[in-house]
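Secondary and tertiary structure notes
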Amino acid sequence: MKKNLIKIAAGLVFAFALILLVLPTSASAKQQSSAEIKEEIEKAEQEQSVLEEKLKELEKLQSANRESMEQMIEQKNVIDQQVSVLNTQIKNINERIAAQTLLIANKQLELEQSRSQLALMRQQYKKRIRAMEEGGTVSYWAVLFEASSFSDLLDRINMIQEIADADTKRIEALDKATQEVETAKLALDEEKRNLDKNKEEMEKKSVQLAKKREESEAILAELLAKDREYTDMVEDAEEAKAEMLERIDALSLKFTEAELREAEEAAAAAGGTSVTPLHTDKNGIVWAEPCEYGRVSSPFGYRYHPVTGVWKGHNGVDLTRPKWAVSTGKPVPIYATRAGIVSYVGYDKTGGNLVNIDHSGDYRSQYMHLDSYIVKAGQKVKQGEIIGYMGNTGVGTGPHLHFTIRHYERYEKTPGNWVYGYKHYNPAEFIKFR
C-alpha cells in the first residue's frame, strides 16, 4: 500500500510539473497565433487527462480503503458485543459462585452440627450399654428379683429392650441425615468447582477478545490514517484538475480572441470587401452597415410591439427594405458588420432564421428574420461578406432585418443583481443610421 502511495504521489508531482510547463513564464510582446494557442490547449488537455486518471486511481484506492474500514468497524462491533455478553456472563457466574459458596458454608455448618449430635448420641448410648455391662447378671437378677410379679418382670424386660431399640433407631436416623448432609455438601462442592472452571474459561476468552479488540483498533487507526492521506491527495488532485480546467478555459478564450483577430486582420488585408458604408465607434472599431435599407422602422428601446401591442423593450433596430428592392422584388443581401466567426445559425419562433457572429473584444452581432442564410456555425467571415438575405420569417409585419449588438460583460440585470453575460447595446452607438 505504501508503495502505491509513493507511486501516486510521484505521478501527481510529475503532473503538477507538467502543469507549470504550460503556464506562461513571461509576458511576450508578440501575440500568439491561434495555431500556437491551439497546440498549448492540446498539451493542457493531455495533462488534464493524466490528472483525471490519477484522480480516478486515488478515488478507487480510497474507496477500497473505506470498504476495509467498514469491515473492520463491523468486526470490532461484533467483538465489542461478544465482550459485553461475556462480561455479563462472568458477572452472573460470579454471583452464582458467591451464592454457592454461601450454600456450602451453611451446609458445612449443618454437617458439623449433625456430626456433633451423632457423636453425642453415640457417646450416651455407649455409656448406657457400659453401665448395663458393668451391672452384669447382678443388675439383671436385680431387675428380676425387684419385680413384684411376673407381669411386672415382663414389663421391666420390655422397657429395657425398647430403650435400647429407640437409641439404635435415633442413632441410625441421625447417621442417615448426616450422610445426606454430607452428600449434599459434596454436590455443592462439585457444582462450585464446575462454576470456577467455567469462570476460568470465560476469563481466558475475555483476554483473547481483548487482544482481538486491541488488534482491530490498531488496524482501524491505520486505515483512518490512510483515509486522511487519501483525502489530502484527492483534494490536491481535484485542486490541480480545477486549476488545469481554468487554464484550458482561459486558453480557449484566448484562442477565440486570436481567431477573431486573425479573421479581422485577414479581412483588412483583403481590403475593400464591404459594399456598405463604414462607421467608426467611440473605441475606434470600424463597423459596416448590415444591409442597404430604406429606413429605421423601429429603434432601440421601449416601444409598442407592432404585432402584440405590448409595451416592451426592443433590443435592436429594425431596418426596412430599400426602395429598389420594394420596386423590383429582388432579395436584399445581409452583410457581416465585422469580421468574425459564425457562432450560431438556426431558427427561432420569434426571430425566424437568424445568424450570430462573434467578434473580437467580446462583441456579438445578431441578424434576425432572414429569408435564408448562406453561412454555417464555425465559419470565418470577413467584414461586408454576405451571410444571408432579408426576409419575414418569425414574428413580423413585413420583410425587414432585426439587427442587434451585444457585449459580454458584468452588468446589473436588476437593481443590486449583478451578473455576467451578454448585454444589449443600442446599435446606433456603433453605426450612425439615417
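Nothing here was measured: the structure is a model prediction, and the numbers come from that model.

Looking now at unusual backbone geometry. We note that Asp 362 has phi near 65°; this positive angle belongs to a residue other than glycine. Judged by its relative accessible area of 36%, Asp 362 falls in the partly exposed class. Even without a glycine there, the phi angle at His 369 is positive, about 65°. Following the sequence through the fold, His 369 ends up in strand β10 (residues 363-373).

On the surface, Glu 59, Glu 229, Asp 232, Glu 235, Asp 236, Glu 238, Glu 239, Glu 243, Glu 246 and Asp 249 cluster together into a negatively charged patch. With 9 residues, helix α3 (residues 150-270) is the largest single contributor of residues to the negative patch. You can see Glu 229 is positioned in helix α3. What makes Glu 229 partly exposed here is its relative accessible area of 38%.

Let us look at the confidence of the model for the protein chain. Across the protein chain, the average pLDDT comes to 81, with 80% of residues at 70 or higher. Element-level pLDDT for the protein chain is lowest in helix α1 (residues 2-22), with a mean of 46, against a maximum mean of 96 in strand β6 (residues 317-320).

For the rest of this paragraph, the subject is the side chain of Asn 356. Note on placement: Asn 356 falls in strand β9 (residues 352-359). Polar side-chain contacts of Asn 356 include one of 3.0 Å to the side chain of Gln 366. Discounting chain neighbours no more than four positions away, the residues touching Asn 356 are Ile 341, Val 342, Ser 343, Tyr 344, Arg 364, Ser 365, Gln 366 and Arg 406.

Scoring rules and cut-offs
Residues numbered from 1 in each chain as written. Predicted model: local features only at pLDDT ≥ 70, side-chain atom pairs only at ≥ 80, totals over all residues. Heavy atoms only, no water. Buried < 20%, exposed > 50% of the residue type's maximum accessible area, 1.4 Å probe, protein only. Helix = DSSP H or I, 4+ residues; strand = E, 2+ residues; numbered from the N terminus. Patch = residues over 30% accessible without salt bridge, like charges linked within 9 Å, V, L, I, M, F, W, Y side chains within 5 Å. Areas by Shrake-Rupley, 256 points an atom, 1.4 Å probe, with all protein chains shown as cover. Salt bridge = Lys/Arg side-chain N within 4 Å of Asp/Glu carboxyl O. Lys, Arg positive; Asp, Glu negative; His and termini not counted. Charge placed at Lys NZ, Arg CZ, Asp CG, Glu CD. pLDDT = per-residue confidence, 0-100. Polar contact = N/O pair within 3.5 Å; in protein donor to acceptor, adjacent residues only side chain to side chain. Contact = heavy atoms within 4.5 Å.

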